[in-house]
There are 2 protein chains.
Amino acid sequence: MSLPPEFSLIARHFLPLAGEGALALSDDAAVLDVPAGQLVLSADAMVAGVHFLPDDPPETIGRKLLRVNLSDLAAMGAAPLGYLMTAALPKGTTPEWLDAFTAGLAQDQAEFGLAVLGGDTVSTPGPLTLSLTILGTVPKGEALLRRGARPGDEIWVSGTIGDGALGLRAARGTLADDGFLADRYRVPRPRLALGLALRGVARAAMDISDGLVQDCGHLCRLAACGAEVEAGALPLSDGARAALAADPALLPLILTGGDDYELLFAVAPEDAARAAEAGKASGTPVTRVGRFVAGASEVTALGAGGSPISLPRGGWSHF
Amino acid sequence: MSLPPEFSLIARHFLPLAGEGALALSDDAAVLDVPAGQLVLSADAMVAGVHFLPDDPPETIGRKLLRVNLSDLAAMGAAPLGYLMTAALPKGTTPEWLDAFTAGLAQDQAEFGLAVLGGDTVSTPGPLTLSLTILGTVPKGEALLRRGARPGDEIWVSGTIGDGALGLRAARGTLADDGFLADRYRVPRPRLALGLALRGVARAAMDISDGLVQDCGHLCRLAACGAEVEAGALPLSDGARAALAADPALLPLILTGGDDYELLFAVAPEDAARAAEAGKASGTPVTRVGRFVAGASEVTALGAGGSPISLPRGGWSHF
């Protein structure tokens, strides 16, 4: 009995990605021993033309989805365990495209130490649609949560802010770029080592996917307080700095644009040195960019001289 | 700061489905204590127009996806723990549609004892695309696997065969039906209690999603043997029996059509009474329909008098 296309497709493209417990993707489900601690679980979906550009290199598309999910684990202070992925593939998806797509995933599996546990491959008359569920572990009671910030706490971020939103413009060809910004848009850097180092240090944490201002608003609402972000304190990459110098009107985009996938966390003032140390120990730049304040759950961005910057919108909704 | 639409949508429609560990869907991930045993994990995707009819009642669409995944747990002998779901919603999806969609999920969550742990909601210019990852548990080493059948073992199935494929025709209006068959297509019955009862009884098991003959072929390939299925022994519902009486040419469809979501399992001849007892104890009809035989990994369907039935195709590929 010859294998139907679905199974040969899985055997050629996805079996090489399968990890321990995946039963060589032959069964109805994976069976997995669970290490000590608690499970951390997250799922994200991406649609061509909505979350990535249809002509993005196939190597980067799967990596982006995997890294977006790894970023969620990082935000919880969790270590990766494995993932399941479903792919709705448009007619005409070629084996060569899938080879490149899975080669990107294989590269990241090696880098981050996890593997595929299962999934599903279906056809769609619509755009390429990917969904990924990631599993991680954290020692019991030590997960970083979004709740927990208090007025007076400092606001810190990892890496540099705004590269993702600027990178989308660069990838679309509407912003000058030497390739750095577009790469930041296509290939997020999940801050896993920093997340682990922030356990017991950060009072609250999340990753920035919808823009710094909007995501900071989530921390505020859960803490019933406000926040002030100092635009002058934002860590900017050379690429972002150059773009901003050429067009100062890009500042609101840097503050509210999505796809940063940096960590945003609350630190008690007395723990500032520990936060800096966590950055150093994990090899991740960390920067204090503002503070939580008593009052309504609003985020104010302060410009030069401490005057509020007018923001056209609260952030970017993935919906 | 007013909530953007994505968050109000989640709060209205998905928060009521959230279970323990979901952190009220406020965080980047769920945090979950894991019971003893091993984790069992499966993921499936469904696309409107491919896996269900776009005008299927919204109450049944989410239930079907959840039940298809529950059926995977049943096939492994696992008990449900929770699930994550991503939904790519076409523009114009109404709150009323989502209310009905999630009401169906809520009904099944109560029936099967599990809840949402997380997920993602995005928009798509294409058809409604859903992906669900389910988690279950099984005592260590007791999961039912697809591998393990041996020549001489009996082939058993649960429930009735062919209703799903006939039900698709009924739902499309091309087959007479009092509603039973279409309902079987839209709302699979995951055989969870039977799966638990078959631990230590069945030598190999899977659920029938791609048609009895094709799925039996999977058990054969993993066991390096063949199989003979007796068409006369197939358990048929009244609806399927009536359809077959009206058109005997439907027999190949019953043997090869997808969407049964019944369990297919191998039983050593000396364990036949235990298999029957597992069916009785779980309240699930079980029927012996053939046997595994030495030889090439081929599935032969035998008609009246033991002559092979010609099958137009090996089964139905979800891809």
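Residues numbered from 1 in each chain as written. Chains lettered and ligands numbered in written order. Predicted model: local features only at pLDDT ≥ 70, side-chain atom pairs only at ≥ 80, totals over all residues. Heavy atoms only, no water.

- In the nomenclature of an unreviewed UniProt entry, chain A corresponds to Thiamine-monophosphate kinase from the organism Roseococcus pinisoli.
- For chain A, the Function (unreviewed entry) comment in UniProt is given as "Catalyzes the ATP-dependent phosphorylation of thiamine-monophosphate (TMP) to form thiamine-pyrophosphate (TPP), the active form of vitamin B1."
- UniProt, in its Sequence similarities (unreviewed entry) section for chain A, records the words "Belongs to the thiamine-monophosphate kinase family." (UniProt positions renumbered as here; feature names shortened; annotations may be inferred.)

1. Section: the overall build of chain A
Okay, step 1: Scanning chain A from N- to C-terminus turns up 10 helices and 11 strands.
Okay, step 2: Taken over C-alpha atoms, the radius of gyration comes to 20 Å for chain A, in line with the 20 Å a tight globule of 319 residues would show.
Okay, step 3: Seen through its C-alpha atoms, chain A measures out along the principal axes to roughly 75 × 45 × 30 Å.
Okay, step 4: By the burial criterion, 62% of the 319 residues in chain A qualify as buried.
Okay, step 5: Put simply, of all contacts in chain A between residues at least 6 apart along the chain, 86% involve residues at least 24 apart.
Okay, step 6: Accessible area for chain A stands at about 11100 Å²; split by element, carbon and sulfur atoms hold 54% of it.
Okay, step 7: For chain A, the separation between the mean place of its 24 positive charges and that of its 36 negative charges on side chains is 5 Å. (Helix = DSSP H or I, 4+ residues; strand = E, 2+ residues; numbered from the N terminus. Rg over C-alpha atoms; globule rule 2.2 N^0.38 Å. Buried < 20%, exposed > 50% of the residue type's maximum accessible area, 1.4 Å probe, protein only. Contact = heavy atoms within 4.5 Å. Areas by Shrake-Rupley, 256 points an atom, 1.4 Å probe, with all protein chains shown as cover. Lys, Arg positive; Asp, Glu negative; His and termini not counted. Charge placed at Lys NZ, Arg CZ, Asp CG, Glu CD.)

2. Regarding helix α7 (residues 212-223) of chain B
Residue and element names in this part refer to chain B.
Okay, step 1: For α7, built from 12 residues, the straight-helix expectation of 16 Å at 1.5 Å per residue is met to within 8% by its first-to-last C-alpha distance of 17 Å.
Okay, step 2: The element α7 is largely enclosed, with a buried count of 10 among its 12 residues.
Okay, step 3: Here α7 has its buried residues at Leu 212, Val 213, Gln 214, Asp 215, Cys 216, Gly 217, His 218, Leu 219, Cys 220 and Ala 223.
Okay, step 4: Looking one or two residues past α7, Ala 224 carries a phi angle of roughly 50°, positive in sign. (Expected span 1.5 Å × (residues − 1).)

3. A look at the sheet that holds strand β1 (residues 30-32) of chain A
Okay, step 1: In space, the five strands of this open sheet follow the order β1(A)-β2(B)-β5(B)-β3(B)-β4(B), with mixed pairing throughout. Of all strands in the sheet, those bounded by a partner on one side alone are β1 of chain A together with β4 (116-124) of chain B. Between one strand and the next, the sheet's axes are offset by a mean angle of 15°, whatever the strand orientation.
Okay, step 2: Across 10 bridges, the pairing between strand β2 (residues 38-47) of chain B and strand β5 (residues 129-138) of chain B is antiparallel. Counterpart to Val40(B) in the pairing with β5(B) is Gly136(B).
Okay, step 3: Packing of helix α1 (residues 5-14) of chain B onto the sheet brings it into contact with β3 (79-90) and β4 of chain B, and relative to β4(B) it is tilted by some 135°.
Okay, step 4: Packing against the sheet, helix α2 (residues 58-76) of chain B makes contact with β1 of chain A together with β2, β3 and β5 of chain B, and its axis sits at approximately 30° to β5(B). (Pairing = 2+ DSSP bridges. Axes fitted to C-alpha atoms, helices over the stretch in contact; angles between N-to-C directions.)

4. Concerning the interface of chain A and chain B
Okay, step 1: With 69 residues of chain A at the contact, the number on the chain B side is 69 residues.
Okay, step 2: Contact between chain A and chain B buries roughly 5900 Å² in total, counting both sides, with carbon and sulfur atoms accounting for 61%.
Okay, step 3: If you look at where chain A meets chain B, you find six salt bridges.
Okay, step 4: Across the pair Lys140(B) and Asp33(A) runs a salt bridge, and its minimum N-O distance is 2.8 Å. (Buried area = accessible area lost by both parts, 1.4 Å probe. Salt bridge = Lys/Arg side-chain N within 4 Å of Asp/Glu carboxyl O.)

5. A short note on the UniProt feature "binding site: Mg(2+) 3" (unreviewed entry) in chain A
Okay, step 1: Taking the UniProt record as the reference, the feature "binding site: Mg(2+) 3" (unreviewed entry) is found at Asp28(A), Asp72(A) and Asp207(A). Over a stretch of 180 residues, the named residues are scattered through the fold, their C-alpha atoms separated by up to 33.0 Å.
Okay, step 2: Following the sequence through the fold, Asp207(A) ends up in strand β7 (residues 204-207).
Okay, step 3: When sequence neighbours within four positions are dropped, the list of residues in contact with Asp207(A) reads Val68(A), Ser71(A), Asp72(A), Ala75(A), Asp215(A), Tyr261(A), Glu262(A), Leu263(A) and Asp28(B).

6. Overview of the domain arrangement of chain A
Residues and elements named next belong to chain A.
Okay, step 1: Looking at chain A, the domain boundaries give domain 1 (5-138) and domain 2 (154-306).
Okay, step 2: Contacts between the two partners involve 22 residues from domain 1 and, on the opposite side, 20 residues from domain 2.
Okay, step 3: Both sides together, the interface formed by domain 1 and domain 2 hides about 1700 Å², and carbon and sulfur atoms give 64% of it.
Okay, step 4: At the surface where domain 1 touches domain 2, the tally comes to two salt bridges.
Okay, step 5: Between Lys 64 and Asp 259 there is a salt bridge, with the nearest N and O atoms lying 3.5 Å from each other.
Okay, step 6: The interface formed by domain 1 and domain 2 includes six residue pairs in polar contact (both at pLDDT 80 or more).
Okay, step 7: Listed by contribution, the elements that provide at least two residues to the side of domain 1 that touches domain 2 are α2 (58-76) and β3 (79-90). (Domains from an automatic or database assignment. Polar contact = N/O pair within 3.5 Å; in protein donor to acceptor, adjacent residues only side chain to side chain.)

7. Section: the UniProt feature "domain: PurM-like N-terminal" (unreviewed entry) in chain A
Okay, step 1: Listed under "domain: PurM-like N-terminal" (unreviewed entry) in the UniProt record, and renumbered for this structure, are residues 27-138 of chain A.
Okay, step 2: Helix makes up 33% of residues 27-138 of chain A and strand 39%, with an end-to-end C-alpha separation of 28 Å.

8. Some thoughts on the pattern of salt bridges
All names here are of chain B.
Okay, step 1: Overall, the coordinates contain 36 salt bridges over all chains when judged by the stated rule.
Okay, step 2: The shortest N-O distance in the salt bridge between Arg 199 and Glu 142 comes to 3.6 Å. Residue Arg 199 is located in the loop between α6 (192-197) and β7 (204-207), and its partner Glu 142 is located in the loop between β5 and β6 (154-158); the two are separated by 57 residues in the primary sequence.
Okay, step 3: Take Arg 199: its relative accessible area is 24%, and that puts it in the partly exposed class.
Okay, step 4: Judged by relative accessible area, which is 39%, Glu 142 ranks as partly exposed.

9. Looking at the environment of Asp238(B)
Okay, step 1: Along the chain, the position of Asp238(B) falls in helix α8 (residues 238-246).
Okay, step 2: For the pair Asp238(B) and Leu181(B), spaced 57 residues apart in the sequence, the C-alpha separation amounts to 9.6 Å.

10. A look at the sheet that holds strand β9 (residues 263-267) of chain B
All names here are of chain B.
Okay, step 1: Strand order in the open sheet formed by six strands is β7-β9-β6-β10-β8-β11, with mixed pairing between adjacent strands. Two strands close off the open sheet at either side, each with one partner strand: β7 and β11 (299-302). Neighbouring strand axes in the sheet, compared pairwise and without regard to direction, differ in orientation by 25° on average.
Okay, step 2: Bridge count between strand β8 (residues 226-230) and strand β10 (residues 286-293): four bridges; the pairing is antiparallel.

11. Section: the relation of the copies chain A and chain B
Okay, step 1: In screw terms, the move from chain A to chain B is a rotation of 180° and a rise of 0.0 Å along the axis, fitting with an RMSD of 0.0 Å. Here the transformation between the copies is reduced to the relation of a two-fold axis. No C-alpha of chain A approaches the rotation axis more nearly than that of Gly126(A), which lies at 2.2 Å.
Okay, step 2: Comparing contact sets, 100% of the residues at the interface of chain A also lie at the interface in chain B, consistent with an isologous, same-surface contact. (Least-squares fit on C-alpha atoms with pLDDT ≥ 70 in both.)

12. Things to note about the pairing of β7(A)
All names here are of chain A.
Okay, step 1: Side chains of β7 alternate between two faces, with Ala 204 and Met 206 and Ala 205 and Asp 207 buried alike.
Okay, step 2: As judged from the four bridges shared by β7 and strand β9 (residues 263-267), these two strands associate in the antiparallel manner. Its bridge partner being in β9, Asp 207 is matched across the sheet by Leu 263.

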